[in-house]
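Inside the fold
Chain by chain, the residues:
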Amino acid sequence: GYTDSSGNWQGMLLTGYGSSWTAVKAPVPAGAAANPQVSIFDVACPSATVCMAAGNYTDSSGNTQGLLLTRRGSSWTPVKAPLPAGAAANPEVGLSGLVCPSATVCVATGQYAAVSGRPGSWQGLLITRRGWSWIAAEAPMPAGTGTSSWVDFGGLACPAVTTCVVTGVTAS
C-alpha cells in the first residue's frame, strides 16, 4: 500500500506486463473509513482478463473487515467479505490466502473474531465463490479442540474446481 496526500493508508493494485505497469488505488466497499487502512495479502488470476485479490480494510466504525476485489477487464470491484453467523461487531478479519482454479471458482482463507460458539478465540474462515456470489463458512475444527482457540492457515491449493486443500495450525 501507500500513504496518499491526506496521510491515509490506501491499497495499491499494479497491472501490466514487462516495463509497462499501471498503479491504481484499490477501491473499497461503501461504508469504508476515510482512512481505510487497506492491506492486500494475496492475488489470483485464473485468466488474462480476470483477477481476484484478498485483504482487509477499516470501516467507518473502526472495525476491520475482509476485502475481496474482482478485476474484469481493466476495472476492479470491491466487496466486503461475508462472514459466518456469530461474527463479532468488530470481526478483525484477516484474509491470508486466495486460490482461483477458474474465473468463477475461488477459495479465500483467513480468520475472524466471534462472539458466539467459542468466544475469545479466532475462528478459521473459509470463503468460497461459485459464479458471482461469495459464501462464508467457519472452518471445521478437529475433535478435542478447546473452547478458546486460534487458527492460522498456512497453505491453500485447489488442484481442480471441485477439490481444495487448506493447511494450518490450531492452538487452544
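Residues numbered from 1 in each chain as written. Predicted model: local features only at pLDDT ≥ 70, side-chain atom pairs only at ≥ 80, totals over all residues. Heavy atoms only, no water.

**Thoughts on the pairing of strand S5 (residues 39–44)**
Sheet topology note: the S5/strand S6 (residues 50–58) ladder contains five bridges and is antiparallel. When the bridges of S6 are listed, Ser39 appears paired with Asn56. Connecting S5 to the next strand, S6, in antiparallel fashion are five residues. (Pairing = 2+ DSSP bridges. Helix = DSSP H or I, 4+ residues; strand = E, 2+ residues; numbered from the N terminus.)

**Some remarks on the layout of surface pockets**
Size it by volume and the largest pocket reaches roughly 170 Å³. Together, 15 residues line the largest pocket, and Leu13, Leu14, Thr15, Val43 and Trp76 are the ones closest to its centre. Among the secondary structure elements, those contributing two or more residues to the lining of the largest pocket are strand S3 (12–17), S5 and S6. Looking at which element gives the most residues to the lining of the largest pocket, the answer is S3, with five residues. Along the lines of polarity and charge, the residues of the lining of the largest pocket split into eleven nonpolar, two polar and two charged. (1 Å grid on protein atoms, 1.4 Å probe; cavity = no way out; pocket = protein on both sides within 12 Å on 5 of 7 lines; lining within 4 Å. Points joined across faces, edges and corners; volume = space filled by probe spheres on them. Nonpolar A, V, L, I, M, F, W, Y, C, P; charged D, E, K, R; others polar.)

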